[in-house]
Each structure stands twice: as C-alpha cells, then as structure tokens.
Amino acid sequence: MTNLKRLWRRRKIFIVAFIAAVGSFVVGVTLPLNLRAIVPGAASQAQVVNPSTPLMTPHIQSAENQPSSNVNLVKQAIGDRVEFSTQAIVQLQESRFVSSIPSQFQGTTLSHAKLDSRHKAIALTFDDGPWPTTTVQILDLLKKNNIKATFFWVGIYLQTYPELGKQVAAAGHAIGNHTWNHQYIKYNEEGAASEIDRTTSLIEELTGIRTSIFRPPGGILNNGLAAYAQKKNYTVVMWSADSLDWRTATQSLMENVMRQANSGGIVLMHDGGGNRSRTVEALPDIIAQFRKEGYTFVTVPELLKMQEQDLKHQETAQK
Ligand SMILES: [Zn+2]
C-alpha cells in the first residue's frame, strides 16, 4: 500500500507539473496572439521582428496552425493593407495640393503677399537645385526647425539627381519650376515652352506634384519665359528679400535677408547651382532671428492662401 501511495503521489506531482507546463505553454502562445490582435500594426511588427529572433519562431508556427487566429491575422493584414492604401492616396492628394495656388494669383507675377497685421509670415525659397550635399543639409536644417519651404528646381539638375528631388518632395516642401537649362537668353514661345513644360513634366513624373509656380532664372521677366508661364496660368514668383548668397559672406547674407524682410515676404536663397556652403552656414541664424521676431514659416502656396483668406476675412468684415 505504502509503495502504491508513494507511486500515486509521484504520479500526482508529475501530472501537476505536466498541467503547469502545458498551461504556461498555452499562455505563452496565446498571449502574444491576443496582443497582436488588439494592438494595431503589432502583427506586421511581429512578422518583421520574429525571423531574426529564433526563440519566437515556434509561436508564429503554432499561430498559423490555429484557424481562428489565422482568420484574425488575415483580417488584420487586409485592414493594414486598406489603411496603407488610403494613406497613400491621401498623401498623393496632399502632395498635389502642396503646390496649388488660389485662382486669383494664377497667371500673375508677384514678389510678396499682402497679409493683414494679424499675420507675421515669411516664405523661404531655395533655387537651382536639387544639388548634392547642400540640398540634404538644408533639408536637415528645415526638418530640425519644423519648417516647410519652397524649392525652385532646374530640370537638368532634377534629371541628374532625381533621388534628391524625391527626398525634398517627400519632406512636404512646395516645388516650383525654374526652367530646364537655367539660361539668361531670349526665348521664342516654342523655346520657352520647352524650358518650362519639360521641367514641369519631370517634376510630376518623379514626385506626383503638378507645380503651378514658376521663377525665371535671374529674375528676368522680359525674355519670353515669364510671358509663357503666365499664359499657361503659372504664378510667376519673384522675391522681396534677396540673400545674395551666391556672392556674399555668411554674415552679410543674414543681414541682407533681415534688412529686407517683412511679413508676407519671400526670401531668395540657393541650395544648388554652385557652392552653397555659406547658405547652409547662415540658415540656422536666419531661422533663429525670424523666430525671435515672431515670424511663422510657410511655403509660397501657403503664403498666397493666407492672403486669399485675409481678403475674404476683410470682405466679410466690411459687409
Ligand atoms: Zn536660379
């Protein structure tokens, strides 16, 4: 009897231990699955993480053997995919919207926006890129300061550095057309069309953005380019504050900008077309100074939308 009792007790211990082991295994398997079902995006994260962590692999395999979990995972995957597509469409629509211009400014030439006194806003613009090194340096500075700017691209440089262009657009900056070849010569209509149309097409092809702002090289308004751009309903965007960054030292670059700056202003700088290290060097101080004076940074299309809203506001106030 005592032998039998001892045997039974041993067996009981074994059964309890077995149940405990099975129980902890089941909890170990199902808990992460439940978490994955509850936490949005956790399923895709788990799939990314697990292949490199062998300890977790059995969990994944047993998950695939359970039909109900499988259904949940499939539902989750479909949900993720639908959400991803929706986001992509919204992003595409937003990127097209980034460079859209209120109709009252289409086909006009302007160098600044007229804002009412409630607003203190300024648009930083960078010409002649995309350009190796300096474009990315400027992108980093803008990102660090949470600023959206406007880039006027030269077609041949965009063709040479398409990935840089995509990077600028992906960061949410506004994009403008700055001709294909950036030359200071006279154009007939056919020549102007080629300079402007080709650049706009490449911008759209690479970024999905259909730009409607144009800046003539050298700010020349009477050589056929601006006339063609206006005819095609572009807004010809000049500037109200010239950094002269292509010829001045870092310190005077900042003084140039700040001396000419006012609300509604458009600041001309360069991220490409030559050595722009001085612009990169001066930019943090320029940003800091504007911030100190209470300016908000906007893109050129945003600046024009602000003027449009201010006008509507004034009109309703007068009524
Ligand atoms: Zn230029």
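Not measured: the values here are computed from a predicted model. Note on numbering: residues in each chain are counted from 1, in written sequence order. For this predicted model, a pLDDT threshold of at least 70 governs which residues receive local features, and a threshold of 80 or more governs which side-chain atom pairs are given and counted, while totals over whole chains, interfaces and linings are taken from all residues. Side-chain calculation: all heavy atoms of the structure are included, whereas hydrogens and water are not.

A.B. asks: How should I be thinking about the overall build of the protein in this particular structure?
C.D. replies: Labels follow the DSSP assignment, with helices taken as runs of H or I lasting at least four residues and strands as runs of E lasting at least two, numbered in each case from the N terminus. Within the protein one finds twelve helices and nine strands. Any residue under 20% of the maximum accessible area for its type is buried, any over 50% is exposed, and the rest in between are partly exposed; the area is computed with a 1.4 Å probe on protein chains only. Residues counted as buried form 41% of the 319 residues belonging to the protein. Only heavy atoms enter the contact rule, under which two residues are in contact if any of them lie within 4.5 Å. Contacts spanning at least 24 positions in sequence make up 79% of the contacts within the protein whose residues lie at least 6 apart.

A.B. asks: So what exactly am I meant to see when it comes to the coordination of the zinc ion here?
C.D. replies: Octahedral six-donor coordination of a metal ideally yields angles of 90 or 180 degrees, compared with 109.5 degrees for tetrahedral four-donor coordination. Sites may look incomplete, because water is not among the atoms used; the donor set itself consists of N, O and S atoms within 2.8 Å of the metal (3.2 Å for Na, K and Ca). Coordination sphere of the zinc ion, protein contribution only: D128 (OD), H178 (NE2) and H182 (NE2), at 2.1 Å. Mapping the donors of the zinc ion onto the primary sequence gives the spacing D-x49-H-x3-H. With D128 in strand β2 (residues 121-129) and H182 in the loop between β4 (174-177) and α8 (189-207), the pair connects residues that are 54 residues apart, well separated along the chain. Accessibility classification places D128 together with H182 in one group, the buried group.

A.B. asks: How should the packing of aromatic side chains be read in this particular structure?
C.D. replies: Centre distance and the angle of the planes are the two values used to describe a pair of aromatic rings. In summary, the pairing rule links any two rings of Phe, Tyr or Trp, Trp by its six-membered ring, whose centres are within 6.5 Å, and it sorts them by plane angle into stacked for under 30 degrees, edge-to-face for over 60 and tilted for everything else. Applying the stated criterion across every chain, the model contains five aromatic pairs. An angle of 80 degrees between the planes, with centres 4.9 Å apart, marks the rings of W131 and Y157 as edge-to-face. Taken together, the residues span a long stretch of sequence, with W131 in the loop between β2 and α5 (134-144) and Y157 in helix α6 (residues 155-160) at a distance of 26 residues. Aromatic pair W131 and Y161: ring centres 6.5 Å apart, planes at 65 degrees, arrangement edge-to-face.

A.B. asks: Would you mind showing me how to read the packing of α5 against helix α7 (residues 162-170) here?
C.D. replies: When two helices pack together, you describe them by how their axes are tilted relative to each other and by the distance separating the axes. Between α5 and α7, whose axes approach to 10 Å, the crossing angle comes to 15 degrees. Regarding the angle of α5 to α7, the classification is roughly parallel. For the crossing formed where α5 meets α7, the hand is left-handed. Together, T135, V136 and L139 of α5 and L164, Q167 and V168 of α7 make up the contact between the two elements. Asp, Glu, Lys and Arg are counted as charged, while Ala, Val, Leu, Ile, Met, Phe, Trp, Tyr, Cys and Pro are counted as nonpolar; the rest, among them Gly, fall into the polar class. Grouping the amino acids of the contact of α5 with α7 by side-chain chemistry returns four nonpolar, two polar and no charged. With axes taken as lines fitted to C-alpha atoms, and helix axes fitted only over the stretch in contact, angles between N-to-C directions fall between 0 and 180 degrees. Each angle is binned into one of four classes, with values under 35 degrees roughly parallel, values over 145 roughly antiparallel, values of 65 to 115 roughly perpendicular, and all other values oblique. Note: crossing handedness is left-handed where the near helix turns anticlockwise from the far helix by less than a right angle, and right-handed where it turns clockwise.

A.B. asks: How do you make sense of the environment of V236 when you look at a structure like this?
C.D. replies: Mapped onto the elements of the fold, V236 is located in strand β6 (residues 235-237). Considering only alpha carbons, one finds V236 and G107, 129 residues apart in sequence, at a separation of 7.3 Å. Residues in contact with V236, not counting those within four places in the same chain, are T108, T109, L110, F214, P216, L221, A226, A229 and Q230.

A.B. asks: Can you help me understand the pattern of salt bridges in this one?
C.D. replies: Where charged atoms from two side chains of opposite charge approach closely, those side chains can pair. Note on definitions: salt bridges are taken to be side-chain nitrogens of Lys or Arg within 4 Å of carboxyl oxygens of Asp or Glu. Overall, the coordinates contain six salt bridges when judged by the stated rule. R118 is the partner of D116 in a salt bridge, and the nearest nitrogen-oxygen pair spans 3.1 Å. By relative accessible area, which is 53% here, R118 ends up exposed. With its nearest N and O atoms 3.2 Å apart, the salt bridge here joins R118 to D310. Taken together, the residues R118 in the loop between β1 (109-110) and β2 and D310 in helix α12 (residues 300-318) connect sequence positions 192 residues apart. Through salt bridges with shared partners, one network takes in D116, R118 and D310.

A.B. asks: How do you make sense of α8 when you look at a structure like this?
C.D. replies: An α-helix turns once per 3.6 residues; consequently, residues spaced three or four apart project the same way. The span expected for a helix works out to 1.5 Å for each residue beyond the first. Here α8 spans 27 Å end to end across 19 residues, near enough to the 27 Å set by a 1.5 Å rise per residue. For α8, the set of buried residues is A192, A193, E195, I196, T199, T200, L202, I203 and T207. Downstream of α8 by one or two residues, G208 has phi in the positive range, about 80 degrees.

A.B. asks: Which parts of the structure should I look at to understand the pairing of strand β3 (residues 150-153)?
C.D. replies: Along any regular strand, the residues point their side chains to alternate faces of the sheet. Side chains T150 and F152 of β3 all project onto a buried face; the interleaved residues F151 and W153 project onto the opposite face, where all are buried too. What joins β2 to β3 is α5, and the crossover it makes is right-handed. When DSSP finds two or more bridges between a pair of strands, those strands are recorded as paired. In this sheet, β4 lies alongside β3 in parallel orientation, the contact comprising four bridges. Counterpart to T150 in the pairing with β4 is A174. Look down the strands so they point away from you; if the path from the first strand over the helix to the second goes clockwise, the crossover is right-handed.

A.B. asks: Please explain unusual backbone geometry as it appears in this structure.
C.D. replies: Across the chain, the bulk of peptide bonds are trans and the bulk of non-glycine residues have phi less than zero. With an omega of 0 degrees, the peptide bond running from G129 to P130 counts as cis. Structurally, the position occupied by P130 is in the loop between β2 and α5. A positive phi angle, near 75 degrees, is found at D128, a position not held by glycine. A residue is classified by how much of its surface remains accessible, and D128, at 8% relative accessible area, is buried.

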